[in-house]
2 protein chains.
Amino acid sequence: MRRRSRLILALDETDPDKALQIAEAVGDVVDGVKINYPLALSAGMGIVEEMSKKASVICDFKVADIPNTNRLIVEQVRAKGAEGVICHGFVGHDSVKACADAMGDGEVFVVTEMSHPGGMEFTQPNAEALARVAVEAGATGVIAPATRPERIKVIRKIVGDLKILSPGVGAQGGKASDALAAGADYVIVGRAIYQAEEPRKAAEALVEEIENG
Amino acid sequence: MRRRSRLILALDETDPDKALQIAEAVGDVVDGVKINYPLALSAGMGIVEEMSKKASVICDFKVADIPNTNRLIVEQVRAKGAEGVICHGFVGHDSVKACADAMGDGEVFVVTEMSHPGGMEFTQPNAEALARVAVEAGATGVIAPATRPERIKVIRKIVGDLKILSPGVGAQGGKASDALAAGADYVIVGRAIYQAEEPRKAAEALVEEIENG
């Protein structure tokens, strides 16, 4: 995934045709399109293959199993052409390393803290340790919430030059400029793009906003 | 899932035809057949539907996302006829509750500690808190490793009459009788059944062993 627009679309759309249409419309505007299990399960993994022709796809599967199962999941993700996968660090170094190994020259991002209320219970208190897992297990980067830019700064100190992807911009209240200023490499935006009447225009406007700080 | 044989097959087989054959062969011997993402992704979710005609299926998807995404995943699991789903508790009460709500009268099991080396890093130190999440968020039961029966006793005290499912019997070194004596309701066995020349006979032998303590 090349860093140009610094914008990633969270395509939380479960209708395969609609999802592919939107990916087609914004694929060259955004740096990546993040999809998750509800779409992949309803459409089948063929959707990853199709979408990878239109955009750089990140499978946000929150992979969280033992090393061998992680490997088998990520091998399928990679075989279908996805450039990135998101996994949990909570299952330990070996499980993350299995993802990194299976992804080859693709990218693996480790969840640090999550911004929903339940994320405060276990992920937030362990966020710094989870960021260290990402570094030590050979991941490409981490996920850290744009809703708490002060936390991005802390995570940046731990992960060095690893990539930081920040969800929570737009509908969830985070500001793209704040997240980027705090050290994020990419902001992840969902509804503000895919629920817009013209997703491409919405994405372009966001890119312009990012470029102008 | 009725408790008769107290035996669950971990069907870690990625070939759909072979998986269905084995489920057919042992479906009425075991209380449940646990499958995971590598199979569901390669075969498509139709495999859950087909297998549910042959056995009581538990989707070991280690569901670990925000509440809304968990709900969307588990709704698909349930719609395909699975009777159970396995989720992570470290994403918090709300995420587990979303699974329980979406599963309706089906069963939700929460991972406590995991027995692979990486499981010692975050899941083991938090196992008791994760068991409490299961109780408080309305889950049906928990997963706790048969390789450490002394830990099953501790978890049992926390979860009361919730079900405890114990993997790690057989190839991984745990003894069924030890896990059950420590308080597990079911043991989960994989390779000793699905890699046996005659899976049905292997399952029957295990059931007999369980019945005779």
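Above this text you will find the structure in question.
Reading guide: rules and limits
- Residues numbered from 1 in each chain as written.
- Chains lettered and ligands numbered in written order.
- Predicted model: local features only at pLDDT ≥ 70, side-chain atom pairs only at ≥ 80, totals over all residues.
- Heavy atoms only, no water.
- Contact = heavy atoms within 4.5 Å.
- Buried area = accessible area lost by both parts, 1.4 Å probe.
- Salt bridge = Lys/Arg side-chain N within 4 Å of Asp/Glu carboxyl O.
- Polar contact = N/O pair within 3.5 Å; in protein donor to acceptor, adjacent residues only side chain to side chain.
- Helix = DSSP H or I, 4+ residues; strand = E, 2+ residues; numbered from the N terminus.
- Nonpolar A, V, L, I, M, F, W, Y, C, P; charged D, E, K, R; others polar.
- Core = buried A, V, L, I, M, F, W, Y, C linked by side-chain atoms within 4.5 Å.
- Buried < 20%, exposed > 50% of the residue type's maximum accessible area, 1.4 Å probe, protein only.
- Axes fitted to C-alpha atoms, helices over the stretch in contact; angles between N-to-C directions.
- Left-handed = near helix turned anticlockwise from the far one by under 90°.
- Pairing = 2+ DSSP bridges.
- Expected span 1.5 Å × (residues − 1).
- Arc of directions from axis to C-beta.
- Phe/Tyr/Trp six-rings, centres within 6.5 Å; stacked < 30°, edge-to-face > 60°.
- Least-squares fit on C-alpha atoms with pLDDT ≥ 70 in both.

A. Spatial organisation of the interface of chain A and chain B. Every contact between the two is made by 37 residues of chain A and, on the other side, 37 residues of chain B. Interface area lost by chain A to chain B is led by A:Leu41, A:Phe90 and A:Phe122, which between them contribute 24%. We note a salt bridge from A:Asp65 to B:Lys62, for which the minimum N-O separation is 3.1 Å. Linking chain A with chain B are 16 residue pairs in polar contact (both at pLDDT 80 or more), by the criterion used here. Elements represented by at least two residues in the side of chain A that touches chain B include exactly helix H2 (37–43), strand S3 (57–63), helix H4 (67–79), helix H5 (93–103) and helix H6 (127–136) of chain A. Considering every element that reaches the side of chain A that touches chain B, the biggest residue donor is H4(A), with five residues. Residues that form the side of chain A that touches chain B fall into these classes: 17 nonpolar, 15 polar and five charged.

B. Looking closely at the nonpolar core. A:Leu7, A:Leu11, A:Met51, B:Leu7, B:Leu11 and B:Met51 are the most contacted members of the largest nonpolar core, which totals 166 residues. Not counting residues within four places of it along the chain, the set of residues in contact with A:Met51 comprises A:Leu11, A:Ala19, A:Leu20, A:Ala23, A:Val33, A:Ile35, A:Leu39 and A:Val57.

C. Just the packing of H6(A) against helix H7 (residues 149–159) of chain A, in detail. Residues and elements named next belong to chain A. Interaxial distance between H6 and H7 falls to 9 Å at its minimum, and their mutual angle equals 35°. Read as a crossing pair, H6 and H7 show a hand that is right-handed. In this structure, H6 uses Ala127, Glu128, Ala131, Arg132 and Val135 to contact H7, whose residues at the interface are Arg151, Val154, Ile155, Ile158 and Val159. Split into classes, the residues belonging to the contact of H6 with H7 amount to seven nonpolar, no polar and three charged.

D. Highlighting the sheet that holds strand S7 (residues 163–169) of chain B. All names here are of chain B. Strand order in the closed barrel made by the eight strands is S1-S2-S3-S4-S5-S6-S7-S8, with parallel pairing throughout. Averaged over all neighbouring strand pairs, the angle between strand axes comes to 25°, with direction disregarded. As paired elements, strand S1 (residues 7–10) and strand S2 (residues 32–36) share three bridges and run parallel to each other. Looking at S2, one finds that Ile8 is bridged to Gly32. Strands strand S3 (57–63) and strand S4 (84–88) of the sheet are contacted by helix H4 (residues 67–79), whose axis makes an angle of about 165° with S3. On the sheet, helix H10 (residues 199–211) packs against S1 and strand S8 (186–189) and is oriented at approximately 145° with respect to S1.

E. Representation of the pattern of salt bridges within the structure. Summed over the entire model, instances satisfying the criterion amount to 36 salt bridges over all chains. Two residues, A:Glu75 and A:Arg71, come together in a salt bridge whose shortest N-O distance is 3.0 Å. Taken together, the residues A:Glu75 and A:Arg71, both in helix H4 and four residues apart, mark about one turn of the helix. For A:Arg71, a relative accessible area of 32% corresponds to the partly exposed category. In this structure, B:Lys163 engages B:Glu107 in a salt bridge whose closest nitrogen and oxygen atoms are separated by 2.6 Å. Here the residue B:Lys163 occupies a position in strand S7, and B:Glu107 occupies one in strand S5 (residues 107–111), the gap between them amounting to 56 residues. One exposure class covers both B:Lys163 and B:Glu107, and it is buried. One continuous salt-bridge network, built from bridges that share partners, spans A:Glu113, A:Glu128, A:Arg148, A:Glu150 and A:Arg151.

F. Here's a closer look at helix H10 (residues 199–211) of chain A. Residue and element names in this part refer to chain A. In this model H10 runs 18 Å from its N-terminal to its C-terminal C-alpha over 13 residues, within 8% of the 18 Å that 1.5 Å per residue would give. Listed as buried for H10 are Pro199, Ala202, Ala203, Leu206, Val207 and Ile210. Each buried residue of H10 lies within a common arc of 140° when the element is viewed along its axis, so the set occupies one face. Those residues of H10 that are exposed and aimed more than 90 degrees away from the buried face are Lys201, Glu208 and Glu211. Summarising the contacts, the buried residues of H10 are in contact with strand S1 (7–10), helix H1 (16–26), helix H8 (176–181), strand S8 (186–189) and helix H9 (191–194). Where H10 ends, the next residue or the one after it, Gly213, has phi of about 65°, a positive value.

G. Expanded view of the sheet that holds strand S4 (residues 84–88) of chain A. All names here are of chain A. With parallel pairing, eight strands are arranged side by side around a closed barrel as S1-S2-S3-S4-S5-S6-S7-S8. Taking each pair of neighbouring strands and ignoring which way they run, the sheet shows an average axis angle of 25°. The sheet contact formed by strand S2 (residues 32–36) and S3 spans four bridges and is parallel. Counterpart to Val33 in the pairing with S3 is Val57. Against the sheet, H4 contacts S3 and S4, and its axis sits at roughly 165° relative to S3.

H. Highlighting the packing of aromatic side chains. Within this structure, the stated rule accounts for five aromatic pairs over all chains. Plain terms: the ring middles of A:Tyr37 and A:Phe61 are 3.9 Å apart, the flat faces sit at 15° to each other, and that makes the pair stacked. Residue A:Tyr37 is found in helix H2, and its partner A:Phe61 is found in strand S3; the two are separated by 24 residues along the sequence. Linked through ring pairs, A:Tyr37, A:Phe61, B:Tyr37 and B:Phe61 together constitute an aromatic cluster.

I. Expanded view of the relation of the copies chain A and chain B. The two copies are related by a screw motion: chain A maps onto chain B through a turn of 180° and a shift of 0.0 Å along the axis, at an RMSD of 0.0 Å. In the structure described here, the two chain copies are related by an operation that fits a two-fold rotation axis. Identified as the residue of chain A closest to the rotation axis by C-alpha distance is A:Gly44, at 2.8 Å.

Everything listed is a geometric property; what it means functionally is a separate question.
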